[in-house]
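Here is how the chains run, residue by residue.
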Amino acid sequence: MRGLKDKVVIVTGAAGGIGKATALRFAEEGANIVVADFVDGSGTVQEVEAKGQKAIYVQTDVTKIESAQAMVAKAIEVFGRVDVLINNAGITKDAMMKKMAKEAFDAVIAVNLTGVFNCTSAVLPNMLENKSGVVLTTSSIVGIYGNIGQTNYAASKWGVIGMTKSWAKEMAKNGLRFNCVAPGFIGTDMVKKIPMEVLQEKILVKVPAGRLGEPEEIAAAFAFLASDDAKFINGAVLSVDGAATI
Ligand code: CAA
Ligand code: NAI
């Protein structure tokens, strides 16, 4: 990919799943990585270093703006700047609407929506000063089409699309780009929580590709959208879902 070598890339939720695969893909492209996660991300750091790139782990709770700001400050202290932010940390707390507790709604919004606001607001001063930067966010097909049992999650994943489009309109003139990737069902710990019969009989049967996606297939979309090949793509949502949504 053009233009990723020596870039400083923050990936939230990079201790595992899609975030880890994304950190490793950017390392393969020659970038240096900030692994920002609530849980220990030192395994991802070691794998990035094994690819010959630099990486740090900064323990981060994206729901707290002070934590997001401290993480970005550490990134700038160590690497001097931030070129790319990938807002990827996310959680589910699924329940039918009639059974969904207010706490489950608030918890998902706090990570998946407020967390994206917090981290983006924390990187903006540096990106605006540099007159360059890319902010990419993991939305979901659930954000665009809704899903049974996911009122809270769908609201958060639709919400990040609205924020992304607003930011593109506000700050394209400053040299900044904002885009979302909307994955289908990807084989990570998040999907392991779906009851097996629901996954097999209600979800996978509707995916023309007939399989779960792989974290690396989402990482590839992020690498493209962060690269110079995507330099006129701003405010877009790229679906990566094995035709699940057509
Ligand atoms: N799609 C279609 N049908 C679904 C469904 C889904 N996602 N989830 C549940 N159903 C169906 C069940 O098969 C069941 O159907 P029948 O009445 O015909 O048997 C009915 O809805 C009721 O389901 P449950 O008996 O399981 O009801 P429950 O109250 O015990 O549990 C639930 C409800 C917590 C929502 C549980 O069904 C569940 O976890 N479903 C999966 C929800 C889901 O798809 N989550 C995606 C997580 S991965 C993710 O979010 C990543 C991403 O961005 C794609
Ligand atoms: P995962 O559960 O493997 O990874 C999520 C990561 O986010 C974990 O490492 C977790 O510690 C971290 N995290 C959670 N709360 C945090 C917080 N408050 N602060 C910092 N980090 C926190 O899940 P997966 O699948 O890799 O998900 C990554 C993103 O992709 C999420 O935003 C998810 O909603 C999204 N997504 C996932 C899909 C899937 O099918 N797996 C499909 C569409 C979107």
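Placed above this text is the structure.
Here is a short report on the structure shown in this document.

1. Some points on the environment of L238
Part 1: Along the polypeptide, L238 turns up in strand β7 (residues 237-240).
Part 2: Put simply, L238 and N179 are 59 residues apart on the chain and 7.9 Å apart in space, counted from C-alpha to C-alpha.
Part 3: Beyond its immediate stretch of four places on either side in the chain, L238 contacts C180, V181, A182, A221 and L225.

2. Quick word on the site of ligand 1
Part 1: Neighbouring ligand 1 are 19 residues, the closest being D94, S140, N147, Y153 and K202.
Part 2: Between ligand 1 and D94 there is a distance of 2.7 Å, counted from a nitrogen atom to a side-chain nitrogen or oxygen.
Part 3: Contact between ligand 1 and K202: an oxygen atom at 2.8 Å from a side-chain N or O atom of the residue.
Part 4: Protein burial of ligand 1: of its 990 Å² of free accessible surface, 68% is covered by the chains.
Part 5: Breaking the shell around ligand 1 down by element, the ones donating at least two residues are α7 (189-192) and α8 (196-203).
Part 6: It is α8 that contributes the most residues to the shell around ligand 1, three residues altogether.
Part 7: A breakdown of the residues in the shell around ligand 1 according to their chemical character gives 11 nonpolar, five polar and three charged.

What counts, and where the lines are drawn
Residues numbered from 1 in each chain as written. Chains lettered and ligands numbered in written order. Predicted model: local features only at pLDDT ≥ 70, side-chain atom pairs only at ≥ 80, totals over all residues. Heavy atoms only, no water. Helix = DSSP H or I, 4+ residues; strand = E, 2+ residues; numbered from the N terminus. Contact = heavy atoms within 4.5 Å. Near = heavy atom within 4 Å. Polar contact = N/O pair within 3.5 Å; in protein donor to acceptor, adjacent residues only side chain to side chain. Areas by Shrake-Rupley, 256 points an atom, 1.4 Å probe, with all protein chains shown as cover. Nonpolar A, V, L, I, M, F, W, Y, C, P; charged D, E, K, R; others polar.

Worth remembering: the numbers are spatial, not functional.
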